[in-house]
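Next come the chains, spelled out residue by residue.
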Amino acid sequence: MTFQYNFYSVFLLVFWIHTAIYAGLFFRKFVVQQQKAALWMGWFLILVNLYTAPWMLGFAGWYDNQPYRTILFYVPFQHLFWIGPVIYFYLVTLLNPRFLYKNVISFIFFQVIYTF
């Protein structure tokens with residue numbers, strides 16, 4: 001892998017790594033304490049990382065090299081339709097820990113339809 005480090009790529013890389021670490025910590029908190037809100041916050045942070053990954057990798061010079069350019073163009077990094085329901089379920093499970101996931105199936109169904 002060839003990276004061309006500059007101010008923009010390093011600046012995004014620092015925040016990207018911190019967000020990935022916090023997502024891992026939230027997933028660990030879900031496993032240890034069984035808090036559903038921690039699981040949803042972890043997924044939100046993963047979606048934020050996927051959203052910022054093309055900019056970070058683009059500033060690092062991946063758009064200049066052929067095998068990496070194909071990855072950046074054809075892998076769907078921006079899952080914007082998933083951010084709203086993830087924030088919704090995070091807030092609902094944070095405010096009501098006994099929340100039952102009756103509506104998750106309809107959210108997943110419509111998100112899959114709108115994504116593809």
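Note that the structure is predicted; figures quoted are calculated from it, not measured.

Criteria and thresholds
- Residues numbered from 1 in each chain as written.
- Predicted model: local features only at pLDDT ≥ 70, side-chain atom pairs only at ≥ 80, totals over all residues.
- Heavy atoms only, no water.
- Helix = DSSP H or I, 4+ residues; strand = E, 2+ residues; numbered from the N terminus.
- Buried < 20%, exposed > 50% of the residue type's maximum accessible area, 1.4 Å probe, protein only.
- Contact = heavy atoms within 4.5 Å.
- Areas by Shrake-Rupley, 256 points an atom, 1.4 Å probe, with all protein chains shown as cover.
- Core = buried A, V, L, I, M, F, W, Y, C linked by side-chain atoms within 4.5 Å.
- Polar contact = N/O pair within 3.5 Å; in protein donor to acceptor, adjacent residues only side chain to side chain.
- Axes fitted to C-alpha atoms, helices over the stretch in contact; angles between N-to-C directions.
- Parallel < 35°, antiparallel > 145°, perpendicular 65-115°, else oblique.
- Left-handed = near helix turned anticlockwise from the far one by under 90°.
- Nonpolar A, V, L, I, M, F, W, Y, C, P; charged D, E, K, R; others polar.

Caption draft 1: Quick look at the overall build of the chain. Each helix and strand in the chain was counted, giving 5 helices and 0 strands. Going residue by residue from the N terminus, the α and β elements of the chain occur as α-α-α-α-α. Among the 116 residues that make up the chain, the fraction classed as buried is 26%. For the chain, the proportion of contacts with a sequence separation of at least 24, taken over those separated by at least 6, is 61%. Looking at the chain as shown, the accessible area adds up to about 8,300 Å², and 72% of this sits on carbon and sulfur atoms.

Caption draft 2: Highlighting the nonpolar core. Membership of the largest hydrophobic core is limited to 7 residues, which are Trp40, Leu47, Ile83, Val86, Phe89, Val92 and Phe99. Elements represented by at least two residues in this core include exactly helix H2 (36-59) and helix H4 (80-95). In terms of residue count, the dominant contributor to this core is H4 (4 residues).

Caption draft 3: Looking closely at the side chain of Thr93. Along the chain, Thr93 turns up in helix H4. At a separation of 2.7 Å, a polar atom in the side chain of Thr93 contacts the main-chain carbonyl oxygen of Phe89. Among the polar contacts listed, one links the side chain of Thr93 to the backbone oxygen of Tyr90, at a separation of 3.1 Å. Ignoring any residue separated from it by four or fewer positions in sequence, one finds Thr93 in contact with Lys36, Ala37, Trp40, Phe99 and Tyr101.

Caption draft 4: Structural context of the environment of Val75. Here Val75 shows up in the loop between helix H3 (66-74) and H4. Take Val75: its relative accessible area is 38%, and that puts it in the partly exposed class. Between the C-alpha atoms of Val75 and Pro54, which are 21 residues apart in sequence, the distance is 9.8 Å.

Caption draft 5: Broad picture of the environment of Trp16. In this fold, Trp16 is placed in helix H1 (residues 7-33). Expressed as a C-alpha distance, the spacing of Trp16 and Leu45, which sit 29 residues apart in the sequence, is 9.6 Å. In contact with Trp16, not counting residues within four places along its chain, are Asn49, Thr52, Ala53 and Met56.

Caption draft 6: Geometry of the side chain of Thr19. With respect to the helices and strands, the residue Thr19 is situated in helix H1. Residue Thr19 is classed as buried on the basis of its relative accessible area, which comes to 18%.

Caption draft 7: View of the packing of H2 against H4. Orientation of H2 relative to H4, taken along the N-to-C sense of each, is 160°, at an axis distance of 8 Å. For the element pair H2 / H4, the angle class is roughly antiparallel. Seen along the crossing, H2 lies across H4 with a hand that is left-handed. Between H2 and H4, the residues in contact are Lys36, Ala37, Trp40, Met41, Trp43, Phe44, Leu47 and Tyr51 and Leu80, Trp82, Ile83, Val86, Ile87, Phe89, Tyr90, Thr93 and Leu94, respectively. Classifying every residue of the contact of H2 with H4 gives 15 nonpolar, 1 polar and 1 charged.

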